[in-house]
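Letter by letter, the chains look like this.
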Amino acid sequence: LETGFPVSEKDEYISEKNIHYIITSVKGTNATARVKSNSVNNVKPNLKKAVLPLNSKGIPVQAPSINSHVVIYHTHSDESYGYSTGITSKPGNGDIYAVGTSLANSLQRSGISVTHSFNRHDPHDINAYHRSRRTALQLLKERPDAAFDVHRDSAPTSAYFTTVNGVNTSRVMIVIGRSNPNLKTNLDYARRVKAMGDTLYPGMMRGIFIGKGDYNQDLYPTALIFEIGTDGMSLDLAQNAATCLGDVIAHVMIQS
């Protein structure tokens, strides 16, 4: 695993192939892990593989409006994609908002209502999650079916670049906080999303990282962080992934 996300001892990682690792030591920028479980994801969506369209419009669920509601926000509101400009941070106006909009548009095409917050939580420091907690609490008053905090990673581009059915796109990593009472339900939900993603868009879902913090997920049992792409990639690749991720989430909600 290569990631810019802070890594600590006892953090865990469920790989693309569903091998469950636990980190036993961290020295500098290197960590050592052992296999905790080699069992496969027991969530098995009964769907055929989807085809990622060349226009990246995604594959909306072919069903009447889904009676679901989702909220989206961005703790690190400066995060940007620097492939073209070299600029990876735009305080208060990051490219990450456009990625959140692509996710919101994809969900709405499948009949899911969305509230997308453009609140700023700068600077990008240890207190950003404290500031975004206020946004999360406000959004959760809407009693959504799920709450998503959308980020981008700072790993090497090679860790996130992929091609799905001939279309270039970024990959997606789900992040769960292990220091919160909702860990089990958060993780169960993350596994369902990953399993659906593996079915619809094989290779797009990178895995599930279970980190030391709570990332405000103690507030809600279906709260997830999505790391969509990384700082050296182009924005359009992240938007492709966000569009497909919306389809994945919609299918998960239909099966709920």
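Residues numbered from 1 in each chain as written. Predicted model: local features only at pLDDT ≥ 70, side-chain atom pairs only at ≥ 80, totals over all residues. Heavy atoms only, no water.

## Topic: the packing of helix 1 (residues 96-109) against helix 4 (residues 235-254)
For step 1, the next point in the chain: Where helix 1 meets helix 4, the axes come as close as 8 Å, and the angle between the chain directions of the two elements is 30°. The interaxial crossing formed by helix 1 with helix 4 has right-handed handedness. Between helix 1 and helix 4, the residues in contact are Ala98, Val99, Ser102, Leu103, Ser106, Leu107 and Arg109 and Leu235, Ala238, Gln239, Ala242, Thr243, Leu245, Gly246, Asp247, Ile249 and Ala250, respectively.
For step 2, the next point in the chain: Split by residue class, the contact of helix 1 with helix 4 holds ten nonpolar, five polar and two charged. (Axes fitted to C-alpha atoms, helices over the stretch in contact; angles between N-to-C directions. Helix = DSSP H or I, 4+ residues; strand = E, 2+ residues; numbered from the N terminus. Left-handed = near helix turned anticlockwise from the far one by under 90°. Contact = heavy atoms within 4.5 Å. Nonpolar A, V, L, I, M, F, W, Y, C, P; charged D, E, K, R; others polar.)

## Observations concerning the packing of helix 3 (residues 183-200) against helix 4
For step 1, the next point in the chain: For the pair helix 3 and helix 4, interaxial distance at closest approach is 9 Å and the crossing angle is 115°. Relative to helix 4, helix 3 is oriented so that their crossing is right-handed. Contacts from Tyr189, Arg192, Val193, Met196, Gly197 and Leu200 of helix 3 reach helix 4 at Leu245, Asp247, Val248, Ile249, His251, Val252 and Met253.
For step 2, the next point in the chain: Residues belonging to the contact of helix 3 with helix 4 are distributed by class as follows: nine nonpolar, two polar and two charged.

## Observations concerning the packing of aromatic side chains
For step 1, the next point in the chain: Scanning the entire structure with this criterion turns up five aromatic pairs.
For step 2, the next point in the chain: Ring plane angle 35° and centroid distance 5.2 Å describe the contact between Tyr97 and Phe118, whose orientation is recorded as tilted. Linking Tyr97 in helix 1 with Phe118 in the loop between strand 5 (113-116) and helix 2 (128-140), this pair joins segments that are 21 residues apart in sequence.
For step 3, the next point in the chain: What makes Tyr97 buried here is its relative accessible area of 6%.
For step 4, the next point in the chain: Considering the side-chain rings of Tyr129 and Tyr215, the 5.6 Å spacing of their centres and the 50° angle between planes classify their relative orientation as tilted. Highlighted residues: Tyr129 in helix 2 and Tyr215 in the loop between strand 10 (205-211) and strand 11 (223-230), separated in sequence by 86 residues. (Phe/Tyr/Trp six-rings, centres within 6.5 Å; stacked < 30°, edge-to-face > 60°. Buried < 20%, exposed > 50% of the residue type's maximum accessible area, 1.4 Å probe, protein only.)

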